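Structural overview for review
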Amino acid sequence: MAETAVRLADPEVEARLARLDEVLAGLEGTPGPALEAVRLLTEVYGEALARVLDHADARLRERLADDELAGHLMVLHGIHPEAPERRAARAVEKLRPVVRDRGGDLEWAGVDGQVARVRLSTGGGCGSGCGGGSSDVTEAVRAAVLAVAPELTAVETVPDERRAAPAFVPLTTIKRRATPQEAR
């Protein structure tokens, strides 16, 4: 009977990915077969993963797509079972509670061409244009969306047309109310 493989915890996976980035960056400028070996190995592993997906039923495909590491590998190899728009929308929905905890809101608004569109309001009711970390939130949304859907080229925030702008009342239309003595 085969033994169960030991699984890496997410922080261990992240540490290995960071180290892999360092090693690959060092290989990029080095002539020789090492970089080609990495490329060929990646292609073969991608083919193996595609074959696993070919044999998977809909439930298993969904579970694999929901797994962060497996999902990223499927994106890397261009075999993710979900459309980029759906993956991007799910990323926005995952971030929404975090934005709400900061007093704002975040909502998926769709895709226009290759550009993801989101509605973002920051805390304090001032919209996306008033500091207070709104650029940090916008950047976090951009990074999360493009990480799961690199086929998209950008992420834009769009105004929320459903929220009516405050009405402007000209001062000339406001009349001073007569005091009780003046009303006589």
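Structure: above.
Every value quoted in this text rests on a predicted model; they were computed, and no experiment measured them.

Quick look at the environment of Arg39 now. Positionally, Arg39 belongs in helix α2 (residues 33-55). Arg39 gets classed as partly exposed once you look at its relative accessible area, which sits at 41%. Side-chain polar atoms of Arg39 contact the side chain of Glu43, separated by 2.8 Å.

Let us now look at the side chain of Arg96. The topology assignment puts Arg96 in helix α5 (residues 84-101). Residue Arg96 is classed as buried on the basis of its relative accessible area of 18%. Here the side chain of Arg96 touches Leu106 through a polar contact of 2.8 Å, landing on its backbone oxygen. Contacts of Arg96, omitting those with residues within four sequence positions, involve Asp105, Leu106 and Glu107.

Taken together, the side chains of Leu17, Leu20, Leu69, Leu73 and Leu76 present a nonpolar region at the surface, about 430 Å² in accessible area. Of all elements in the fold, only α1 (10-28) and α4 (68-76) reach the threshold of two or more residues within the nonpolar patch. Of the residues forming the nonpolar patch, the biggest block, three residues, is contributed by α4. Assignment of secondary structure puts Leu20 in helix α1.

This part is about the side chain of His80. One can find His80 in the loop between α4 and α5. A polar side-chain atom of His80 sits 3.1 Å from the main-chain amide nitrogen of Glu82. Among residues more than four places away in sequence, those in contact with His80 are Ala65, Gly71, Met74, Val75 and Arg87.

On to a negative patch on the surface, then. A cluster of acidic residues, Asp10, Glu14, Asp67 and Glu68, forms a negative patch on the protein surface. On the secondary structure map, Glu68 appears in helix α4.

Further remarks concern the layout of surface pockets. Considering only enclosed or pocket space, the largest pocket measures out at about 830 Å³ in volume. Residue lining of the largest pocket: 27 residues in total, with Asp67, Glu68, Leu69, Gly71 and His72 positioned closest to the centre. Mapped by element, the contributors of at least two residues to the lining of the largest pocket are α1, α3 (58-66), α4, α5 and α6 (134-148). Residue contributions to the lining of the largest pocket peak at six residues, all from α1. One number sums up the size of the second largest pocket: a volume of about 710 Å³.

Reading the values: the criteria
- Residues numbered from 1 in each chain as written.
- Predicted model: local features only at pLDDT ≥ 70, side-chain atom pairs only at ≥ 80, totals over all residues.
- Heavy atoms only, no water.
- Helix = DSSP H or I, 4+ residues; strand = E, 2+ residues; numbered from the N terminus.
- Buried < 20%, exposed > 50% of the residue type's maximum accessible area, 1.4 Å probe, protein only.
- Polar contact = N/O pair within 3.5 Å; in protein donor to acceptor, adjacent residues only side chain to side chain.
- Contact = heavy atoms within 4.5 Å.
- Patch = residues over 30% accessible without salt bridge, like charges linked within 9 Å, V, L, I, M, F, W, Y side chains within 5 Å.
- Areas by Shrake-Rupley, 256 points an atom, 1.4 Å probe, with all protein chains shown as cover.
- Salt bridge = Lys/Arg side-chain N within 4 Å of Asp/Glu carboxyl O.
- Lys, Arg positive; Asp, Glu negative; His and termini not counted.
- Charge placed at Lys NZ, Arg CZ, Asp CG, Glu CD.
- 1 Å grid on protein atoms, 1.4 Å probe; cavity = no way out; pocket = protein on both sides within 12 Å on 5 of 7 lines; lining within 4 Å.
- Points joined across faces, edges and corners; volume = space filled by probe spheres on them.

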